[in-house]
Amino acid sequence: MASWSKVVWFAQGVPRFVFITWLAFRDRLSTGTRMAQWGVVQSCLFCGEPNESRDHLFFACRYTFTVWLAVVGDLLLAEADPDWETSLAQLVELRYEKLDYILLRMVFQTAIYYIWKERNDRRHMGRPKTVENG
Ligand SMILES: [Zn+2]
């Protein structure tokens, strides 16, 4: 199992948050980076950055980083960092009290879930309604 597995899978995890987080860890969310493979151009819907990658969304984007900072508060026991790998290392390697660690992982997964949901809501907003998505 990858070292990040304990950040994804834990007894108190909420399944829909766990699932989106797992996709994020595998870099399988349909971000702009992946959509480019299908010939679709998708820039960041929060800040306009041309390359909407997983690492940009979590949390190199100045908008989503502000969200992460706000929700994680003092739980991280370290300075929050906009870099995905650094955030991961913090979550995997730092030592936390049991309850704090449950909360921290929940907050992390909730942030990923709602940022991804908001991103998709924004993506679908300015589009004309059709029978398919209407
Ligand atoms: Zn952005």
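The rules behind these values
Residues numbered from 1 in each chain as written. Predicted model: local features only at pLDDT ≥ 70, side-chain atom pairs only at ≥ 80, totals over all residues. Heavy atoms only, no water. Helix = DSSP H or I, 4+ residues; strand = E, 2+ residues; numbered from the N terminus. Rg over C-alpha atoms; globule rule 2.2 N^0.38 Å. Contact = heavy atoms within 4.5 Å. Areas by Shrake-Rupley, 256 points an atom, 1.4 Å probe, with all protein chains shown as cover. Lys, Arg positive; Asp, Glu negative; His and termini not counted. Charge placed at Lys NZ, Arg CZ, Asp CG, Glu CD. Core = buried A, V, L, I, M, F, W, Y, C linked by side-chain atoms within 4.5 Å. Buried < 20%, exposed > 50% of the residue type's maximum accessible area, 1.4 Å probe, protein only. Donors = N, O, S within 2.8 Å, 3.2 Å for Na, K, Ca; no water. Phe/Tyr/Trp six-rings, centres within 6.5 Å; stacked < 30°, edge-to-face > 60°. Lys NZ or Arg CZ within 6 Å of the ring centre and 35° of its normal. Axes fitted to C-alpha atoms, helices over the stretch in contact; angles between N-to-C directions. Parallel < 35°, antiparallel > 145°, perpendicular 65-115°, else oblique. Nonpolar A, V, L, I, M, F, W, Y, C, P; charged D, E, K, R; others polar.

- Under an unreviewed UniProt entry, the protein chain has the name Reverse transcriptase zinc-binding domain-containing protein and belongs to Brassica oleracea var. oleracea.

### Overview of the overall build of the protein chain
Then comes step 1: Looking only at helices and strands, the protein chain has 7 helices and 0 strands in total.
Then comes step 2: In the protein chain, the order of α-helices and β-strands from amino to carboxyl end is α-α-α-α-α-α-α.
Then comes step 3: Relative to the 2.2 N^0.38 estimate, which gives 14 Å for 134 residues, the radius of gyration of the protein chain is 16 Å and therefore close to what a compact globule would have.
Then comes step 4: If you take every contact in the protein chain between residues at least 6 apart in sequence, the share linking residues at least 24 apart comes to 56%.
Then comes step 5: Roughly 7900 Å² of accessible area belongs to the protein chain as shown, and the carbon and sulfur atoms make up 56% of that amount.
Then comes step 6: Taking the average location of the 16 positive side-chain charges in the protein chain and that of its 15 negative ones, the two points are 9 Å from each other.

### So, the nonpolar core
Then comes step 1: Formed by 36 residues in total, the largest nonpolar core has its most connected members in Phe 58, Phe 59, Trp 68 and Phe 108.
Then comes step 2: Ranked by residue count, the leading element in this core is helix H7 (residues 98-125), at 9 residues.
Then comes step 3: Setting aside residues up to four positions removed in sequence, Trp 68 forms contacts with Phe 59, Ala 80, Asp 81, Ser 87, Val 107, Phe 108 and Ala 111.

### Observations regarding the coordination of the zinc ion
Then comes step 1: Coordination of the zinc ion by the protein comes from Cys 44 (SG), Cys 47 (SG), His 56 (NE2) and Cys 61 (SG), over a distance range of 2.1 to 2.3 Å.
Then comes step 2: Here the donor residues of the zinc ion share one chain and are spaced in sequence as C-x2-C-x8-H-x4-C. One end of the pair, Cys 47, is in the loop between helix H3 (32-35) and helix H4 (54-60); the other, Cys 61, is in the loop between H4 and helix H5 (62-72), and 14 residues separate them in sequence.
Then comes step 3: Judged by its relative accessible area of 23%, Cys 47 falls in the partly exposed class.
Then comes step 4: On the basis of relative accessible area, Cys 61 is assigned to the buried category, the value being 0%.

### Thoughts on the packing of aromatic side chains
Then comes step 1: Under the criterion given, the structure shown has 15 aromatic pairs.
Then comes step 2: On the numbers, 5.8 Å between centres and 85 degrees between planes, the contact of Phe 58 with Phe 59 is edge-to-face. No difference in accessibility class separates Phe 58 from Phe 59, as the two residues are buried.
Then comes step 3: Among the aromatic residues, those joined into a ring-pair cluster are Trp 4, Phe 25, Phe 58, Phe 59, Trp 68, Trp 84 and Phe 108.
Then comes step 4: Just above the ring of Tyr 63 sits the side chain of Arg 122; from NZ or CZ to the centre is 5.2 Å.

### What about the packing of helix H2 (residues 15-25) against H7?
Then comes step 1: Two elements in contact, H2 and H7, have axes whose closest approach is 9 Å; the angle formed by their N-to-C orientations is 80 degrees. When the interaxial angle is binned, H2 and H7 end up roughly perpendicular. Between H2 and H7, the contacting residues are Arg 16, Phe 17, Val 18, Ile 20, Thr 21, Ala 24 and Phe 25 on the first element and Phe 108, Gln 109, Thr 110, Ile 112, Tyr 113, Tyr 114 and Trp 116 on the second.
Then comes step 2: In terms of residue class, the contact of H2 with H7 is made up of 10 nonpolar, 3 polar and 1 charged.

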